[in-house]
Structures are given as structure tokens and as C-alpha cells.
Amino acid sequence: IALSHIRNFSIVAHIDHGKSTLADRLIQSTNTVAERDMKAQMLDSMDIERERGITIKANTVRIDYTAQNGEAYVLNLIDTPGHVDFAYEVSRSMRAVEGSLLVVDSTQGVEAQTLANVYHAIDADHEIVPVFNKIDLPASDVSRVAEQVEDVIGIDASGAIAVSAKTGEGINETLEAIVQHLPAPTGDVDAPLKAMLVDSWYDSYLGVIVLVRIIDGKLKKGEKVKFLSNDTIHHVDRIGVFRPEMTPVDELGPGEIGFLTASIKQVRDTRVGDTITHQREEVEPLPGFQPAQPVVFCGLFPVDSALFEDLREAIDKLALNDASFSFEMESSAALGFGFRCGFLGLLHLEVIRDRIEREYDIDLITTAPSVIYHVHMRDGTSFDLHNPADMPDMTHVDHIEEPRIKATILVPDEYLGEVLKLCQDRRGIQEDLTYAGSRAMAVYDLPLNEVVFDFYDRLKSVTKGYASFDYSLKDYREDNLVKMSVLVNDEPVDALSMMVHRDRAETRGRAMVEKLKDLIPRHMFKIPIQAAIGGKVIARETLSAMRKDVTAKCYGGDASRKRKLLDKQKAGKKKMRQFGKVDIPQEAFISALKMD
Ligand code: GDP
Ligand code: MG
């Protein structure tokens, strides 16, 4: 296929603005998939993605399209993840294509992830075609959104297309715009092979499947290729394209997007952004390669300690398919054996935790998420702290640095006050505040550790879901940080210890012990619950002892009520862990960490 008849593009959008639905319509209206095989959200392959309605892994499809000029084109769509945790994957896959459709819900307007994603597209020098979606809805206001796109993003919206991905209106115009307005790829078919590793995932039949974009040269089945980042050689046993199911081809040339398999066992051996060439060729690596780094860490422990080996197996399997997820064994005095795991962000953490609980049927205790601190000791040495439990005695510590982020929040005016208050409460420093129409855009410098617990949930609740949020890591800065420990019945529960700012320790400590007092059931004896910094107790509550018969004073002793109460206690038991003499329910570990 001639380079001039290829168009490679991605779709950028805020979550729920209709990216997947638009992709479905493009696939359907070009008969890429037979009508009877069509199902909603063709590109969102994993179950969890369908359920949560988010696209986690980049997916791709090749579409044959005969344009109005009568000529046949090949359109390659790479679908990128929409969530902030996967910004690195988004920025890499953007470099594999030349243009983007910028989808904006015309009933909503520009949101934080619209901005974040379109900036990735601009960084990658994309030609951008705005697509205003959901014009079938009465609240649709295309001219207002056009104005916003021009004001806030600063790109020309005069060529924008009004679309309903639901009814199919505007889909033909969109296909024409892809051909007319997006540039064809460039590349030299006679140069040595140079391909970009766009994505990879594990398939139980084929091993690792590698998504590639050919820059120069040709790739054929049976060839030996080299991955530059780790200098490994692989024998290519299959190449093909996605329609969207895997379809073999004889060769892939410049500008094309397809896959290879080469009996690669682990996704870890393939790095997104890597450069691929033939075994004996020398080529310049593609610029800007860097592996994605985990930023949020937490411990995962089986509620039932007999399931530790099952958990190890589950984690091993998940890690095969997710190079950005890290883990090592951890043992905790309170929780026994488990794993300390690193994630790209909170969503990533939730996805992995859900999959372990659901697909492997293992109930988990998740400890407080923590960021990586740089701890500088008085003796001049320093180290990265991944786990508050490893924090050395403060008298040996000179100072601690924490990661800070740049957060961008878009919100309707009427909720701005609440948002500013929330950011202030979380030690935020305002960097910018601007208005576009009736929406405000606030840019804050915030400590990542104030964001990892429940910032996003809080933001959604104080703005009734109208705020959108995006962030990027900024730098590490020193602050007055201390480790707060929690003691239940005078025993430290290291799974609940956390790093906090000194000025907030009392408030956090008090909130924590009050919550625990509600979450821990009464026992036959009195239980002191304390928060402490070093040896100093900063907050304390006492859970009083249980009376002999819990059900005795239960509304005149109604028998069915009594039984219900007892059943409830029994069910609760299953999900509890013993700490010394005290049973702590699993949910306490998560609930205690949320701030109100
Ligand atoms: P994504 O998160 O950007 O992939 O968004 P989806 O494609 O999953 O769409 C989010 C929701 O908006 C779904 O409930 C869709 O059915 C709905 N939706 C998408 N496009 C349209 C449209 O043009 N009109 C209407 N009325 N609903 C749409
Ligand atoms: Mg989607």
C-alpha cells in the first residue's frame, strides 16, 4: 500500500465523551466488522474495561475505506487509554500516529482530560480534527463548544465536524476529514528496518503480542529482529494487522501499524517506546524512550493467610501482562506474608486489586497507599522510602522530600469555592486560575500523598461530579513530614502507619482513631486505640468492653432480629484479622485512611 493512502490516527477525549462509541461507528460504517459480529465497544477488550467503561490498554484497528474520490485508503486507529494514570502510554502511542480526532461532548464542553490528552497530541505534532459529539441530545451546543476549543486549547475549530456517534450522523464526514485533513505518514522503504514498539500484551496461546509502527524498511515473517533497549534478539514467527481480530499479512512496510509475535514469554521483555530493527542493522533509537515508573505503593495481603501462595500466583500472572506494575514480598508483624506493590496511580491500583479479588477469588487487605519519599539521613546517605513501616528513627533523619504534582481542575463556577477549599486543605499552592465561559480552570501544585487516598472522590462529591481532574508529576520538595503510627490495644498496626505532614498529624490522628473506634467491634475487654509520632501519643480513643449478651437489649428480643444480628456478626468474622487479642475487620484498613 502506498504511503499516500495510509492515515494513522488516534481519538483523544475526556472519559464518557464518546470515544469508544465513535470508534464503533467508524468500524461499523466501513464494514470492517460484519453486522452480526458487531458488539458495543469493540475495542475495549478486557471485561473490567467494559464494566467500568474505561479503556485501559491501547487498542488498534485497521479500517479499509473507499473515499469519495473513489480511491482506497487504509486507516489505522489506535485507541488510547483515557485515564490520568496511563499518561505515559498515551504519549507513546501518540508518537505512532500523525493525527488525532479531538472528541468533545457538545453537551459538556472541554474537560481536564480533554486538555491533558490534546496536549499529548500537540506535543506529538499531530494534525487535529475537532469532532463535536452527541448532537442528537437537546443540550448540545456546538457553537459554544467550538468557541471553548478555540479559547482554551487554542486550535482552529472552523473545520470541526458535528457528530452523533449514537445515530451515525456525521460519520461519513468524519471519515472524509480523516483522509482530507490528516497527513499521510512518511518513511523510506529502502532504509534499514526501524519500528516503534507501541504496546504489548500477553496472550495465553501466542505469548507476548507486540504492537508495532513501522517507520522505515520492511518487516517480514521469519526474520530476526533486535530490541534496542535491552539488546535482545527475537525470531519473528507471525506478523499481521488487527481488523480488529488478528489477521496475518506477508509484510509490514513504512507507515503501517500491525503486530508481531516472536515466542516472547513476558511483557517485561518488551518496553513501550522501544526501537526495533533487524538483527544485524544499526539504527538510531527513537528519541525520548523511558520506561513507565510506579508512583504509588501499597501492601496487598490475603485476608486468609493460607492463600498466600495463591496470591503469589495471581500477582505473577498479572505482572506477566503489565510491565508497569511492580511487586516484592513483604512480611508484616500484623498481617503476615503479602506483597508490596507499585502502581502508576490509584486507578491502576484499583484495577489490579479488583482483578485479584474477582478473577482469582482472594479477599485482600490493602494497606495505606504511599508515595515514594526521598529520605536524607544525618550521616549524609539517602534512600527511597516505599513503605512507611521502613521509616528509620526520626533522630537519624535530616530531612524528607516528597513528590509534588501539577494538578489541573476544570469546574463550573458555582463549585469553584469548594474546589479551592479542598486544594487548600490538601496543602495545595495555587498557580493559576482562569475562566472560560462559565467554567473555571484552577492549576495547583499539590503533594502527591494528599491526592492518593481519596482526593478524586472528594472532588467529585463536592462538585456533584462536575469537576474534571488531571495531573502530572512535577518535582520532589522538602517538607515537615513524619511517620504516624497506630496502636490498637497497645500493639502497633504497621499496616495503618503513614507519612503525614507534621501540622496535620493531630487532625489526621484524631480522625483515624475515631473511625477505628467505630469500625472495630467491641470485645470482652477495653481496647485503647492510639495514634503516635515516635513515642508521643497525639490522639487516643477507648473502645469500651462489650456487655455479656449483645442481643439482650435488642428491641424486646425479637427472635428473627436476633438471628440476623448473629448472622451478621458471623459474616463479619470471616473478613477479620487478629491483631494480638483484637479482631480488626478488613474494611477498617481502607475506611480508616479516608479523610472527610
Ligand atoms: P468514552 O469513555 O469516551 O469511550 O465514551 P463512550 O463511547 O463509552 O460513551 C459514553 C456514553 O455516552 C455511553 O453511554 C454512550 O452510549 C453515550 N454516547 C456516546 N456517543 C453518544 C451520542 O452521540 N449521543 C448520545 N446521546 N449518547 C452518546
Ligand atoms: Mg471508552
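Rules of the game
- Residues numbered from 1 in each chain as written.
- Chains lettered and ligands numbered in written order.
- Predicted model: local features only at pLDDT ≥ 70, side-chain atom pairs only at ≥ 80, totals over all residues.
- Heavy atoms only, no water.
- UniProt positions renumbered as here; feature names shortened; annotations may be inferred.
- Helix = DSSP H or I, 4+ residues; strand = E, 2+ residues; numbered from the N terminus.
- Buried < 20%, exposed > 50% of the residue type's maximum accessible area, 1.4 Å probe, protein only.
- Contact = heavy atoms within 4.5 Å.
- Areas by Shrake-Rupley, 256 points an atom, 1.4 Å probe, with all protein chains shown as cover.
- Near = heavy atom within 4 Å.
- Polar contact = N/O pair within 3.5 Å; in protein donor to acceptor, adjacent residues only side chain to side chain.
- Nonpolar A, V, L, I, M, F, W, Y, C, P; charged D, E, K, R; others polar.
- Salt bridge = Lys/Arg side-chain N within 4 Å of Asp/Glu carboxyl O.
- Axes fitted to C-alpha atoms, helices over the stretch in contact; angles between N-to-C directions.
- Parallel < 35°, antiparallel > 145°, perpendicular 65-115°, else oblique.
- Phe/Tyr/Trp six-rings, centres within 6.5 Å; stacked < 30°, edge-to-face > 60°.
- Lys NZ or Arg CZ within 6 Å of the ring centre and 35° of its normal.

The protein chain goes by Elongation factor 4 in an unreviewed UniProt entry, where it is assigned to Octadecabacter temperatus. Under the Subcellular location (unreviewed entry) heading, UniProt states for the protein chain: "Cell membrane". Per UniProt, the comment on the protein chain under Catalytic activity (unreviewed entry) is "GTP + H2O = GDP + phosphate + H(+)".

Undergrad: Just give me the short version of the overall build of the protein chain, but keep the residues and values in it.
TA: From N to C terminus, the protein chain includes 13 helices and 33 strands. Counting over 596 residues, the protein chain shows a buried share of 54%. Restricting to contacts in the protein chain with at least 6 residues of sequence separation, those with at least 24 account for 69%. Of the accessible surface of the protein chain, which amounts to about 26,400 Å², a share of 47% is contributed by carbon and sulfur atoms.

Undergrad: Before we move on, could you go through the site of ligand 1 and cite the residues and values that matter?
TA: Surrounding ligand 1, one finds 16 residues, the nearest of these being Asp16, Lys19, Ser20, Thr21 and Asp136. One of the backbone N or O atoms of Lys19 is found 2.8 Å from an oxygen atom in ligand 1. In the complex, 77% of the free accessible area of ligand 1, which totals 580 Å², lies under the protein chains. Per-element accounting of the shell around ligand 1 gives the leading share, three residues, to helix α1 (residues 19–29). Along the lines of polarity and charge, the residues of the shell around ligand 1 split into three nonpolar, eight polar and five charged.

Undergrad: Requested: an account of the pattern of salt bridges, with residues and values cited.
TA: Under the definition given, this model contains 24 salt bridges. Glu256 serves as the salt-bridge partner of Arg62, at 3.0 Å between the closest nitrogen and oxygen. You can see Arg62 sitting in strand β2 (residues 59–66) and its partner Glu256 sitting in the loop between β14 (251–252) and β15 (257–261), a full 194 residues away along the chain. Judged by relative accessible area, which is 10%, Glu256 ranks as buried. Taken together, the shared-partner salt bridges connect Glu402, Arg404, Arg427, Glu431, Asp445, Glu450, Lys474, Asp475, Arg477 and Asp479 into one network.

Undergrad: Explain the packing of α1 against helix α6 (residues 171–181) to me, and be specific about the residues and the numbers.
TA: Orientation of α1 relative to α6, taken along the N-to-C sense of each, is 85°, at an axis distance of 10 Å. When the axis of α1 is compared with that of α6, the two are roughly perpendicular. For the pair α1 and α6, contact is made by Leu22, Arg25, Leu26 and Ser29 and by Ile171, Thr174 and Leu175, respectively. Per-class residue counts for the contact of α1 with α6 are four nonpolar, two polar and one charged.

Undergrad: Could you give an account of unusual backbone geometry, with specific residues and numbers?
TA: Peptide bonds are, in most cases, trans, and in most cases residues other than glycine have a negative phi. Following Arg243, the chain continues to Pro244 via a peptide bond in cis, the omega torsion being -15°. Tracing the chain through its elements places Pro244 in the loop between β12 (238–242) and β13 (246–248). Positive phi outside glycine occurs at Asp125, with the angle close to 60°. As for its placement among the helices and strands, Asp125 is situated in the loop between α4 (112–123) and β5 (127–133). Here Asp125 falls in the exposed class, since its relative accessible area comes to 68%. Not every positive phi belongs to a glycine, and Asp490 is a case in point at roughly 70°.

Undergrad: Can you break down the packing of aromatic side chains residue by residue, with the values?
TA: Per the stated rule, a full pass over the model turns up 11 aromatic pairs. With a centroid separation of 5.1 Å and 50° between ring planes, the pair formed by Phe242 and Phe259 is classed as tilted. Here the residue Phe242 occupies a position in strand β12, and Phe259 occupies one in strand β15, the gap between them amounting to 17 residues. Taking relative accessible area as the criterion, Phe242 reaches 8% and is therefore assigned buried. Look at Phe327 and Phe339: their rings are 6.0 Å apart centre to centre, the planes differ by 75°, and that puts the pair in the edge-to-face class. With a gap of 12 residues between them, Phe327 in strand β18 (residues 326–332) and Phe339 in strand β19 (residues 336–343) connect regions that are remote in the sequence. Residue classification places Phe339 among the buried positions, given a relative accessible area of 2%. Through a chain of ring-to-ring contacts, three or more aromatic side chains come together here, namely Phe308, Phe325, Phe327, Phe337, Phe339 and Phe343. Above the plane of the ring of Tyr456 lies Lys460, whose end atom (NZ or CZ) is 4.8 Å from the centre.

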